[in-house]
Amino acid sequence: MKRNTITCTMSLLAVAIVSSLATAHADTTAAQPVSTSQPVTGAQTADASSPDNTKKDQKKKDQNVAATLSTVVVTPLRSSLGSAAEVKQDSDNIVDSIVSEDIGKMPDNSVADALQRITGVQVAQGFQGETSSVVVRGLPNVVTTLNGREIVSGVGRSYAFQNLPATAVKSVQVYKTSDASLPAGGIAGLVDMQLFRPFDFKGLEVAGTVTGINSANAGRTDGTGSFLVSDRWKTDAGEFGALLNASIITQHYDYKAVWGDFPRLLTDAQGNALRSPSGTLVEVPNGFGADYNIGYRRRPELNYAVQWAPNDHTEIYAEGLYDWDHDSYSQPFFFTFPTGVVTPSSYTVGNHCYPDQLAGQYYGQTICDATSATWSGNSYAATSTQAHAQHGHDIQNAIGAKWHNDVLSLSTELSSTLSSFMDNTFIVDTFLKGPITTVWNGTAGNRQNWSLLGSPQNDASNYYLNGLFQNWSVQRGKELSWRADGVYTFDSGFFQNLQFGVRADDHRANYEGSVQVSIPPPGGTGAIALDPNPANQVLARFPANYFCAMPSSSALPGGWLSGCYNYLNGNANAIRALYGTNQGLQPTDPGRFYNIDEKDFAGYLQTAYATTVFGMPLDGLIGVRIEDINRNLNAFSYNSATNVYSPLALSTSAPVYLPNVSAVLHITDALQARFVAAKTVTYPNFGDLNPSMSLNPGTINRAGNGSSGNAYLTPIKSNNYDMSLEWYFAPGSYASAGAFYRNIKGYVQSYVTDEVIGGQPYQISSPESAGNGFLDGVELAYQQFFDFLPGAWNGLGVQVNYTYINGSTKSPQYLGGPMVTTPLQNVSKHNGNAVLMYEKYGWSLRLAYNYRSRFIDGFNAVNVASVNDEIAPANQVDLSVAYNLNDHSTVVLGMTNLLGANLHQYWGDGTSRPRDIRYQDRTVNLGFRFKL
């Protein structure tokens, strides 16, 4: 049922000697003459260099196009949805995608934002107000590729999708199953981003976008833009094409979070347990705080592509991507820690009760959550300003070539990826003179509502200097990769072709970070709160413009004062001199250093087959991939008894064997059933492999914290099984139902444990390989434009998808604790998207709602409530409206988070112990697109 021939690439040397070199890159699209590439007309199907080894039935495609043209005008949105449906239908794998309607028309600002529209993909915002977390079917373990080749950011194993503006992309495809030709490394799947190339177009193309985006929380309007120019020429030496595209995203942001510290037993100042009127123990937060992130970032991007087709059988190309990240932001904290320090003057207790889970004299006794409290006395309340300056880049360049004849297709490609990310943080802590009265008004709105009585935090004269804290880190990634692939097509028979290839890769990750020490102010702090050192009153040391006022929120009314970002950055050396420390950056911490070199050698062999079963066509793939990773690690081991770091060098090897089989049964031209089975693997994060220990000493209000890794973490292995039934009942329309099962071994999860190091308490975060686990679920999807409706109504369309996920693993309840069955981190049971679309009379409208249910974010040190840390995501409603002024220009209006949804985080299950409320921004953008 599918096309059997291949488009491939081969090296420059191979091109010079034509077909004498037998190394190649497999690709199962048709072997069309390279110089006759079709232009983009609205939607763009998968690029020839896509990692999907598919074969497409050209007759079926032609029939679909003819049917479309005979019933409805093909508009850009319909065309893009039709192309995405075609990719899904024709793939040997289970693939869902989004395709740009035209140049610069990918929805959303970044690729990270656009991914949330794909069935089974969930996203989340980070503390800097942008999408930074992408998981597929609940798992973050994905491989990322650009035009079919691997790309990574920093010391990560995947790409930071927020770095790439969506205007640069023609399609994003999510592979939820695998075959032998795909790079290994993602038990969740693979995300491939396709950029435009000059042979995608008929001739000269000039297009651009200009957009202004207003962020409600920041109260600022910023500009984004893109510009693309591409052309192709026929010469005596063949056909040439060149493309250049530039984009930029800028944004001011104000991301606020208000939080409650971990749950603990309510005591008086002497540590005696206090009880409810019914005699039960009482749980309260250890403290209360707020964490704001206020800043400005710029993300420029540049990509190019050059193609040369000397004849109908050969193509040589070079292409590259450059993206940059510049982010300057203030991260002010405001917090109070009265619990256990002073006796509460009043408190109330609710009826949510459970057994105390903290080992000790009260273990197992009934403890109930408090609902409000007030503390007055000599407690610690403070603000802290963290001035961050961050910058980084990702650079990838590739050169390759393709060659084919009627039976053989060969290709090769050499690529280089360089990535870095640097963070320099300068922190000055200040505290408030006591006595302090902390008023906790409970958890209405699923948040911690608190304040200081009389708002002393708004009087600059109440502030006194505390510690100076400096922190920097630099991460660098470097990858040099070569691949060679080929496909030999058989004339007839059960086996349609033989696909083969090899890959060699050298991936290096280097991380360095500074020592983390809080330097006390000159003369010391004095008796904190009640009797501070008057010489260290902030107004005695700094001018009045040191302070900036922070905005209030519904959970924390009144705001507070904190050091200004510009003052700290502009006077860093003067502040260092005041604190009596060295000028410039702090020295490197051996516990925050590692250098890892991984050499990966892989080969695969795979065949496509086709036959009939009960008169119905059946086709698919059978293959195996073999990978061998040789890892060399240099770091420093840590002896907690002597506080001595010693150089450490380790070498490990991890060969893996990854078989796969797939089958697609074409019940009718429109109805097909699919089955895919494959073994997949994910390698541990580089940071998790660092065996050293990084320590951040404690403060007056908290124990110290730290982290350590394990150089002998094994790869996460998974046996994957997928089935689906897909009905393509009209052009661009389909309904599908699928089921999946993952048998996972060694899933890496993070745990926080309490340890005493050098006589001081620390909470240490460490990764651990869990035991056997599973993940399974079902996916439902439906997409249709209602062309059968009369008049204006036939412009309506819908997209609806739902994914149910269930998963668990055997793991220690805490490091060193008993083995228990726990849910997998990041996995939401219920996930879905609903999109209402309209496209007619030059108008294009989308109203989209994305939903993700609550999930476990991590496992804490054991407390009275539980070890789970759970998140209820912000489920947003977004709107985009576009109107075509003419054939060359469009006005676009977009709105995000229309209903003002916020993220909520909890300590344990239920809603009675909120950890965070994170105030998600709402944006409005107005833009203009043109295409000449």
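The rules behind each value
Each chain has its residues counted from 1, running along the sequence as written. Under the rules for a predicted model, residues below a pLDDT of 70 receive no local features and side-chain atom pairs below 80 are neither given nor counted, while totals for whole chains, interfaces and linings still include all residues. Note: side-chain values were computed over all heavy atoms of the structure, leaving out hydrogens and water. Starting at the N terminus, helices and strands are each numbered in turn, a helix being any DSSP run of H or I of at least four residues and a strand any DSSP run of E of at least two. A radius of gyration in this sense is built from C-alpha atoms; the matching globule rule multiplies 2.2 Å by the number of residues raised to 0.38. Summary of the burial criterion: residues with accessible area below 20% of their type's maximum are buried, those above 50% are exposed, and those between are partly exposed, where the area comes from a 1.4 Å probe applied to protein chains only. Contact criterion: two residues are considered in contact whenever any of their non-hydrogen atoms come within 4.5 Å of each other. In what follows, a disulfide is any cysteine sulfur pair within 2.5 Å. Among the buried residues, those of types Ala, Val, Leu, Ile, Met, Phe, Trp, Tyr and Cys that are joined through side-chain atoms within 4.5 Å form a nonpolar core. For a helix, the expected span equals 1.5 Å multiplied by the number of residues minus one. Note: two strands are recorded as paired if DSSP finds a minimum of 2 bridges between them. For Phe, Tyr and Trp, where Trp contributes only its six-membered ring, two rings pair if their centres lie within 6.5 Å, and the inter-plane angle classes them as stacked under 30 degrees, edge-to-face over 60, or tilted in between. Charges are assigned to positions over rings by a cutoff of 6 Å between ring centre and Lys NZ or Arg CZ, combined with an angular limit of 35 degrees from the ring normal. Should a side-chain nitrogen of Lys or Arg be within 4 Å of a carboxyl oxygen of Asp or Glu, the pair is scored as a salt bridge. Patches here: salt-bridge-free residues with over 30% relative accessible area, like charges joined within 9 Å, nonpolar side chains (Val, Leu, Ile, Met, Phe, Trp, Tyr) joined within 5 Å. The protein chains shown are the only cover counted for residues, whose accessible areas, like all others here, come from Shrake-Rupley with a 1.4 Å probe. By definition, pLDDT measures how confident the predictor is in each residue, and it falls between 0 and 100. Fitted lines through C-alpha atoms give the axes, limited to the stretch in contact for helices. The angle between two N-to-C directions lies from 0 to 180 degrees. Two N or O atoms form a polar contact when they lie within 3.5 Å of each other; inside protein one atom must be a possible hydrogen donor and the other a possible acceptor, and for residues adjacent in sequence the pair counts only when both atoms belong to side chains. Directions drawn from the helix axis to the C-beta atoms are what define this arc.

### Some remarks on the overall build of the protein
Argument step 1. Regarding its fold elements, the protein presents eight helices and 49 strands.
Argument step 2. Here the C-alpha atoms of the protein give a radius of gyration of 29 Å, agreeing with the 30 Å that 2.2 N^0.38 yields for 932 residues.
Argument step 3. Along the three orthogonal principal directions, the C-alpha set of the protein runs to about 90 × 60 × 55 Å.
Argument step 4. Split into buried and exposed, the 932 residues of the protein put 59% on the buried side.
Argument step 5. Across the protein, the fraction of contacts at a sequence separation of at least 24, relative to all contacts at a separation of at least 6, is 74%.

### A short note on the state of the cysteines
Argument step 1. Applying the stated criterion across every chain, the model contains two disulfides.
Argument step 2. Through a disulfide, Cys353 is tied to Cys368; the S-S separation comes to 1.9 Å. Judged by the torsion about the S-S bond (100°), the Cys353/Cys368 disulfide is right-handed. Taken together, the residues span a long stretch of sequence, with Cys353 in strand S15 (residues 344-355) and Cys368 in strand S16 (residues 366-377) at a distance of 15 residues.
Argument step 3. Residue class for Cys368 comes out buried when judged on its relative accessible area of 3%.
Argument step 4. There is a disulfide in this structure between Cys548 and Cys564, and the S-S distance comes to 1.9 Å. Classification of the bridge connecting Cys548 and Cys564 rests on its S-S torsion, roughly 110°, and on that basis the disulfide is right-handed. Residue Cys548 is located in strand S26 (residues 547-550), and its partner Cys564 is located in the loop between strand S27 (560-563) and helix H6 (565-570); the two are separated by 16 residues in the primary sequence.
Argument step 5. The partly exposed category is assigned to Cys548, whose relative accessible area is 30%.

### As for the nonpolar core
Argument step 1. In this structure, Leu115, Phe161 and Leu164 are the most contacted members of the largest nonpolar core, which totals 50 residues.
Argument step 2. Among residues more than four places away in sequence, those in contact with Leu164 are Ser110, Val111, Tyr159, Val169, Met193, Leu195, Glu301 and Leu321.
Argument step 3. The next biggest cluster of nonpolar side chains, apart from the first, holds 45 residues, and it includes Val284, Tyr292, Phe542 and Phe547.

### What to know about helix H3 (residues 76-90)
Argument step 1. A rise of 1.5 Å per residue sets the reference length of H3, with its 15 residues, at 21 Å; its end C-alpha atoms lie 21 Å apart and thus fit the reference within 8%.
Argument step 2. Burial runs high along H3: 13 of the 15 residues are buried.

### A closer look at the environment of Ala85
Argument step 1. Its location among the elements puts Ala85 in helix H3.
Argument step 2. A residue is classified by how much of its surface remains accessible, and Ala85, at 5% relative accessible area, is buried.
Argument step 3. Expressed as a C-alpha distance, the spacing of Ala85 and Gly706, which sit 621 residues apart in the sequence, is 48 Å.
Argument step 4. Leaving out residues up to four positions away in the same chain, Ala85 has contacts with Tyr728, Gly732, Tyr734 and Gln783.

### A word on the pairing of strand S36 (residues 748-757)
Argument step 1. Taken together, the ten bridges between S36 and strand S37 (residues 760-769) define a ladder with antiparallel strand orientation. Bridge pairing in S37 places Gln749 opposite Glu768.
Argument step 2. Remark: two residues form the turn of the hairpin made by S36 and S37, two consecutive strands paired antiparallel; Gly758 in that turn has positive phi of roughly 60°.

### Quick notes on the packing of aromatic side chains
Argument step 1. Considering all chains together, one arrives at 34 aromatic pairs under this definition.
Argument step 2. Ring geometry for Phe334 against Trp450: centres 5.0 Å apart, planes inclined by 45°, an arrangement best described as tilted. Of this pair, Phe334 sits in strand S14 (residues 314-337) while Trp450 is found in strand S20 (residues 450-452), placing the two residues 116 residues apart along the sequence.
Argument step 3. Exposure remark for Trp450: the relative accessible area of 1% places this residue in the buried category.
Argument step 4. Geometrically, the ring pair formed by Phe431 and Tyr464 is stacked, given 6.0 Å between the ring centres and 25° between the ring planes. One end of the pair, Phe431, is in strand S18 (residues 408-432); the other, Tyr464, is in strand S21 (residues 463-489), and 33 residues separate them in sequence.
Argument step 5. Given the relative accessible area of 8%, Tyr464 is considered buried.
Argument step 6. Aromatic rings pair up to connect Phe288, Tyr292, Phe334, Trp375, Trp440, Trp450 and Trp560 into one cluster.
Argument step 7. Arg137 extends its terminal NZ or CZ atom over the ring of Phe740, reaching a point 4.1 Å from the ring centre.

### Considerations on unusual backbone geometry
Argument step 1. Cis geometry is adopted by the peptide bond preceding Pro435, which originates at Gly434 and carries an omega value of 0°.
Argument step 2. Locating Pro435 in the fold gives a position in the loop between S18 and strand S19 (436-440).
Argument step 3. Positive phi values are uncommon outside glycine, yet Arg137 reaches one of about 50°.
Argument step 4. In this fold, Arg137 is placed in the loop between strand S3 (131-136) and strand S4 (142-146).
Argument step 5. Given a relative accessible area of 4%, Arg137 falls into the buried group.
Argument step 6. Positive phi is not limited to glycine here, since Asn826 has a value of about 75°.

### Observations concerning the pattern of salt bridges
Working definition: two side chains of opposite charge can pair if their charged atoms are close together.
Argument step 1. For the coordinates displayed, the defined rule picks out 40 salt bridges.
Argument step 2. Lys176 is paired through a salt bridge with Asp96; the nearest N and O atoms lie 2.7 Å apart. With Lys176 in the loop between strand S6 (169-175) and strand S7 (189-195) and Asp96 in strand S1 (residues 95-99), this residue pair connects regions lying 80 residues apart in the sequence. Judged on exposure class, the residue Lys176 and its partner Asp96 are both buried.

### What about a nonpolar patch on the surface?
Argument step 1. A cluster of nonpolar side chains, contributed by Tyr488, Phe490, Phe494, Phe495, Leu498, Leu605, Val624, Ile626 and Tyr657, occupies part of the molecular surface with about 800 Å² of accessible area.
Argument step 2. In this structure, Leu498 sits in strand S22 (residues 495-514).
Argument step 3. Among the residues examined, Leu498 registers a relative accessible area of 31% and is labelled partly exposed.

### Let's talk about the confidence of the model for the protein
Argument step 1. Mean pLDDT over the protein: 87, with 90% of residues reaching 70 or higher.
Argument step 2. Within the protein, the lowest mean pLDDT, 33, falls on helix H1 (residues 12-16), and the highest, 97, falls on strand S12 (residues 281-285).
Argument step 3. Contacts of residues 1-72 to residues separated by more than four positions or lying in other chains number 237 contacts, the stretch itself having pLDDT below 50.

### Topic: the sheet that holds strand S5 (residues 149-150)
Argument step 1. The mixed open sheet is built from five strands, whose spatial order is S1-S6-S7-S4-S5. Whereas interior strands pair on both sides, the edge strands pair on one side only; in this sheet they are S1 and S5.
Argument step 2. Both S4 and S5 contribute to a ladder of two bridges, which runs antiparallel. Bridge pairing in S5 places Leu146 opposite Arg149.
Argument step 3. Across the sheet, H3 touches S1 and S6, and the angle it forms with S1 is around 160°.

### Focus: the side chain of Asn897
Argument step 1. Mapped onto the fold, Asn897 is located in the loop between strand S46 (889-896) and strand S47 (903-907).
Argument step 2. With a relative accessible area of 0%, Asn897 lands in the buried category.
Argument step 3. A polar side-chain atom of Asn897 sits 3.2 Å from the main-chain carbonyl oxygen of Asp921.

### Some details on helix H7 (residues 572-579)
Argument step 1. Listed as buried for H7 are Ala572, Ile575, Arg576 and Tyr579. The buried side chains of H7 occupy one side of the element, clustering within an arc of 105° when seen end-on.
Argument step 2. Lining the buried residues of H7 we find S18, S21, strand S23 (518-519) and H6.
Argument step 3. One or two steps after H7, the chain reaches Gly580, where phi turns positive at roughly 70°.

### Focus: the environment of Leu585
Argument step 1. Looking at the element boundaries, Leu585 is found in the loop between H7 and strand S28 (588-613).
Argument step 2. In sequence terms Leu585 and Gln470 are 115 residues apart; their C-alpha atoms lie 7.5 Å from each other.
Argument step 3. Ignoring any residue separated from it by four or fewer positions in sequence, one finds Leu585 in contact with Asn424, Trp472 and Arg576.

### Digging into the environment of Ser226
Argument step 1. Looking at where Ser226 falls in the secondary structure, it is placed in strand S9 (residues 220-235).
Argument step 2. For Ser226, a relative accessible area of 11% translates into the label buried.
Argument step 3. Each C-alpha atom of the pair Ser226 and Thr211 lies 9.2 Å from the other, and the pair is 15 residues apart in sequence.
Argument step 4. Setting aside chain neighbours within four positions, we find Ser226 in contact with Thr167, Ala207, Gly208, Thr209, Ala246 and Ser247.
Argument step 5. A distance of 2.6 Å separates a polar atom in the side chain of Ser226 from a polar atom in the side chain of Thr209.

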